[in-house]
Amino acid sequence: MTERALSEEAMLAGLRDIHLPAEAAGGPLADIAAAVALAGVAALLLSGVLRLLSHRRVREPPPDLRTELAELGSLPEEARRVALLHLLKSRAPDRFAALRGQLYRPESRLTVAALEGEVRKLA
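Computed from a predicted structure; not experimentally measured.

Quick look at the overall build of the chain now. A count of helical and extended segments in the chain gives six helices and zero strands. Listing every helix and strand of the chain by position from the N terminus yields α-α-α-α-α-α. In terms of overall dimensions, the chain is more spread out than a globule: its C-alpha atoms have a radius of gyration of 38 Å, far above the 14 Å expected for 123 residues. A principal-axis box enclosing the C-alpha atoms of the chain has dimensions of 105 × 45 × 20 Å. Here the chain holds 123 residues, and the buried ones make up 18% of them. Within the chain, contacts between residues separated by at least 24 positions form 55% of all contacts whose residues are at least 6 apart in sequence. In the form shown here, the chain has an accessible surface area of approximately 10700 Å², with 61% of it arising from carbon and sulfur atoms.

What follows is the structure in structure tokens.
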């Protein structure tokens, strides 16, 4: 590079050497094909996003409480007690919180029958 500044005429003369073609290769048909391809890709992306957003997730309703209580009848007493506590915690957390203090007390009146009565009140 030279350290002297170029004159305005020299810069303009240098720019005149750059010539872009008037039309792209393939002409208007190539422009139309490129536009259709870009529109197709955009449509595919948009339809994919809309499909994800509009997809409904079907949630299974929770099983009937009476059915769950009937299934617990065949369990041993300790397992039944734990299952009843889980049911009570999931269906009525406020009532579970009230009974939680009695769980580990030796003089607790919280028997399996009492727990089952609490759960039956919810049905």
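With that settled, the discussion passes to the pattern of salt bridges. Once the charged atoms of two side chains with opposite charge are near each other, the side chains can pair. Summed over the entire model, instances satisfying the criterion amount to five salt bridges. For the salt bridge of Arg80 with Glu116, the shortest nitrogen-to-oxygen distance reads 2.3 Å. Pair noted here: Arg80 is in helix H4 (residues 77-91) and Glu116 is in helix H6 (residues 112-122), with a separation of 36 residues, a long-range link. Like Glu116, Arg80 is buried. Of the charged contacts in the structure, one is a salt bridge between Arg95 and Glu118, with a shortest N-O distance of 2.8 Å. Here Arg95 is found in helix H5 (residues 93-100), whereas its partner Glu118 is found in helix H6, with 23 residues between them in sequence. Residue class for Arg95 comes out partly exposed when judged on its relative accessible area of 33%. Ionic contacts of the salt-bridge type, sharing partners, join the residues Arg80, Glu116 and Arg120 into one network.

It is the contact of H4 with H5, at a shortest axis distance of 5 Å, that shows an interaxial angle of 130 degrees. The pairing of H4 with H5 is recorded here as oblique in orientation. Within the contact between the two elements, H4 uses Leu85, Leu88, Lys89 and Arg91 and H5 uses Pro93, Arg95, Phe96 and Leu99. Of the residues in the contact of H4 with H5, the class split is five nonpolar, no polar and three charged.

Our next topic: the nonpolar core. Among the nonpolar cores identified, the biggest contains 16 residues, and Leu72, Leu84, Leu88, Leu115 and Val119 are the most heavily contacted of them. Put simply, the parts of the chain that give this core at least two residues each are helix H3 (65-72), H4, H5 and H6. Sorting elements by how many residues they give to this core places H4 first, with five residues. With sequence-adjacent residues up to four places away left out, Val119 is seen in contact with Leu65, Leu69, Leu84, Leu87 and Leu88.

Here we come to the environment of Arg100. Following the sequence through the fold, Arg100 ends up in helix H5. Between the alpha carbons of Arg100 and Leu110 there is a distance of 9.7 Å; along the sequence they are ten residues apart.

Rules used in this analysis
- Residues numbered from 1 in each chain as written.
- Predicted model: local features only at pLDDT ≥ 70, side-chain atom pairs only at ≥ 80, totals over all residues.
- Heavy atoms only, no water.
- Helix = DSSP H or I, 4+ residues; strand = E, 2+ residues; numbered from the N terminus.
- Rg over C-alpha atoms; globule rule 2.2 N^0.38 Å.
- Buried < 20%, exposed > 50% of the residue type's maximum accessible area, 1.4 Å probe, protein only.
- Contact = heavy atoms within 4.5 Å.
- Areas by Shrake-Rupley, 256 points an atom, 1.4 Å probe, with all protein chains shown as cover.
- Salt bridge = Lys/Arg side-chain N within 4 Å of Asp/Glu carboxyl O.
- Axes fitted to C-alpha atoms, helices over the stretch in contact; angles between N-to-C directions.
- Parallel < 35°, antiparallel > 145°, perpendicular 65-115°, else oblique.
- Nonpolar A, V, L, I, M, F, W, Y, C, P; charged D, E, K, R; others polar.
- Core = buried A, V, L, I, M, F, W, Y, C linked by side-chain atoms within 4.5 Å.

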